[in-house]
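Take a look at the letters that make up each chain.
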Amino acid sequence: MKHATLVRLGTLAVLLASGPAQAHAFLDHSEPKVGNKVTAPPREVTLWFTQKLEPAFSRVTVTNGAGERIDNGKPRVSGNQLSVSLRSGGAGTYHVNWHVLSVDTHSTEGNFTFQVGQ
Amino acid sequence: MDWFGVEIDGPIVVVRTIHFAATATMAGALMFRAVVAEPSLRSAEQVDLIVDRRIRALVWICVALSIASGVAWLLLQTSAMSGETYSQALMSGALVIVLNETQFGLVMKIRLVFVLVLAVCLAYDRFPPVRWLGLGSSLCLTVAIAWTGHAGSTPYQLGYLHLTADALHLLAASAWTGGLVSLVLLLAATASHQVETRAALELDAVRRFSSLGIVSVATLVGSGIVNGWILVGSFRGLGATTYGRVLMLKVAIFLIMVSVATVNRFFLAPRLALSGGGDAQRKWAHGLRRNALVEIVLAFLVFAVVGLLGTLHPAAHLVN
């Protein structure tokens, strides 16, 4: 039997036997987009994750270029989407720090930046 | 705890393993009683009573293990979610938040109701409707596990497909594992109580279980394809991630189980049918018992691997 055929059969066998398993929420994408530049300060930041989130244990903070926290506190969670409203923070590099708990009970955290200004 | 380069949350893996094994064995044993033992042993009242008593004792043990491991799982998970120690999580109100504000907590409360209904049904299961209610509760208790795992958190329409596949996977794994344990109990009961129709009883039970086993394996295969497609997603994910490699270990054990079951189905069962009683019949029935025990050990190894897999990042999220 050819090597390629063996590899395919092995892979199929693995796929056949996967079972109940749990995952972790990773950041899928965000608005404003990770690392991108926007001309005007956004009114909110929204993050989409690979898993549904638990509101009780999910949070996000946003700081502006001056290092001041400009999010309005408690984020809104809908399915795999996490949003937080922002106060105007002017131009500069915005830092977004998130810590989320997926519905399957695993915590993950991360951060990213985006630019505001011309 | 670091094990061969894999970071393992030991207590949660152990508790999940015990919980999955106990729940699956409980539901599978009651399925076995309903579709294998009762129809096969209808003509042998004495053996039927013994097997029924043993299966009920097995289920009671599983109920106790399931409740104890479920409570431990809830406490460990609360500590992990809140980032607090076990005692802090109890005192700070984190446990109440988990129970009232998370899907995991809600599902665990619903499952507690099912296990309590099952316990009441077991205590009063002389009546057929109560037995069926107990069986239904045990199946719900098992299926609900899907909502505590990855399938319960998969977003969009894909989540429904994943939940369905996971629920079927859990039911099939339960039918196979719990059925195997119960089959050993049944064969031991017929061996220790000399009844004239022993060979016919054993053969009938083995054939019925074999049919249940074939349906279980087919369901495991179908639902496994869906789960694998969602959680692994690519060939690269199998070898390039810890999740993929641990999953391959699970598949290896699964394939060995299927091989042993195939020997039972196509080698031992036909010989048991042709033995016509006496030493030959005892020999083949003993072979079936021994192989069933091997399968049970392998099944519990699979539960341990599943307990570990649940704490790892699925390959699909890392590779894509």
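Refer to the structure printed above.
In what follows, the accompanying structure is described. (Residues numbered from 1 in each chain as written. Chains lettered and ligands numbered in written order. Predicted model: local features only at pLDDT ≥ 70, side-chain atom pairs only at ≥ 80, totals over all residues.)

Brief notes about the overall build of chain B
Which entries qualify depends on this criterion: Helix numbers and strand numbers start at the N terminus; a helix is a DSSP run of H or I with at least 4 residues, a strand a run of E with at least 2. It is over C-alpha atoms that the radius of gyration is taken, and the globule rule equals 2.2 Å times the number of residues to the power 0.38. Here the C-beta atoms are placed from the backbone, and a residue counts as buried if at least 20 other C-beta atoms lie within 10 Å of its own, exposed if 12 or fewer do, and partly exposed otherwise. The contact criterion used here is simple: two residues whose C-beta atoms, placed from the backbone, lie within 7 Å are in contact.
The secondary structure content of chain B amounts to 13 helices and two strands. Taken over C-alpha atoms, the radius of gyration comes to 21 Å for chain B, in line with the 20 Å a tight globule of 320 residues would show. Based on the C-alpha atoms only, the size of chain B along its principal axes is roughly 65 × 45 × 35 Å. A total of 320 residues make up chain B; the buried ones form 49% of that total. Restricting the contact set of chain B to residue pairs at least 6 apart, pairs at least 24 apart contribute 78%.

Topic: the sheet that holds strand β8 (residues 107–116) of chain A
Residues and elements named next belong to chain A. Stated precisely, the cut-off is as follows: DSSP-based pairing: two strands are paired if at least 2 bridges between them are found.
Here four strands make up an open sheet; going across it, the order is β2-β8-β7-β4 and the pairing mixed. Edge strands, defined here as strands with exactly one partner in the open sheet, are β2 (37–38) and β4 (59–63). As paired strands, β4 and strand β7 (residues 92–101) are joined by five bridges and run antiparallel to one another. Each residue of the ladder has a partner; that of Arg59, found in β7, is His99.

Structural notes on helix α11 (residues 242–275) of chain B
An α-helical segment advances 3.6 residues per turn. Residues three or four places apart therefore align on the same side. Here is the rule: Expected helix span is computed as 1.5 Å times (number of residues minus one). Note that the bend at a residue is defined as the angle between axes fitted to the seven residues ending at it and the seven residues starting at it.
Taking 1.5 Å of rise per residue, 34 residues should cover 50 Å, and α11 of chain B covers 48 Å from first to last C-alpha, within 8% of that figure. Residue Asn264 of chain B marks the point of greatest curvature in α11 of chain B, where the axis turns by about 35 degrees.

Some thoughts on the sheet that holds strand β5 (residues 76–78) of chain A
Residues and elements named next belong to chain A. Keep this limit in mind: To define axes, lines are fitted to C-alpha atoms, for helices over the stretch in contact only, and angles between the resulting N-to-C directions are given on a 0 to 180 degree scale.
Read from one edge to the other, the open sheet built from four strands follows the order β1-β3-β6-β5, with strand pairing classed as antiparallel. Both edges of this open sheet fall to β1 (27–31) and β5, since each of them pairs with a single strand only. Adjacent strand axes in the sheet meet at a mean angle of 20 degrees when their direction is disregarded.

Points about the interface of chain A and chain B
Quick reminder of the rule: Each residue is assigned to one of three groups, with Ala, Val, Leu, Ile, Met, Phe, Trp, Tyr, Cys and Pro labelled nonpolar, Asp, Glu, Lys and Arg labelled charged, and all others, Gly among them, labelled polar.
Taken together, the 28 residues of chain A in the interface contact 43 residues of chain B. Considering each element in turn, the side of chain A that touches chain B owes the most residues, five residues, to helix α1 (residues 3–16) of chain A. The class makeup of the residues in the side of chain A that touches chain B is 13 nonpolar, twelve polar and three charged.

Bear in mind that shape data such as this cannot, by itself, settle questions of function.
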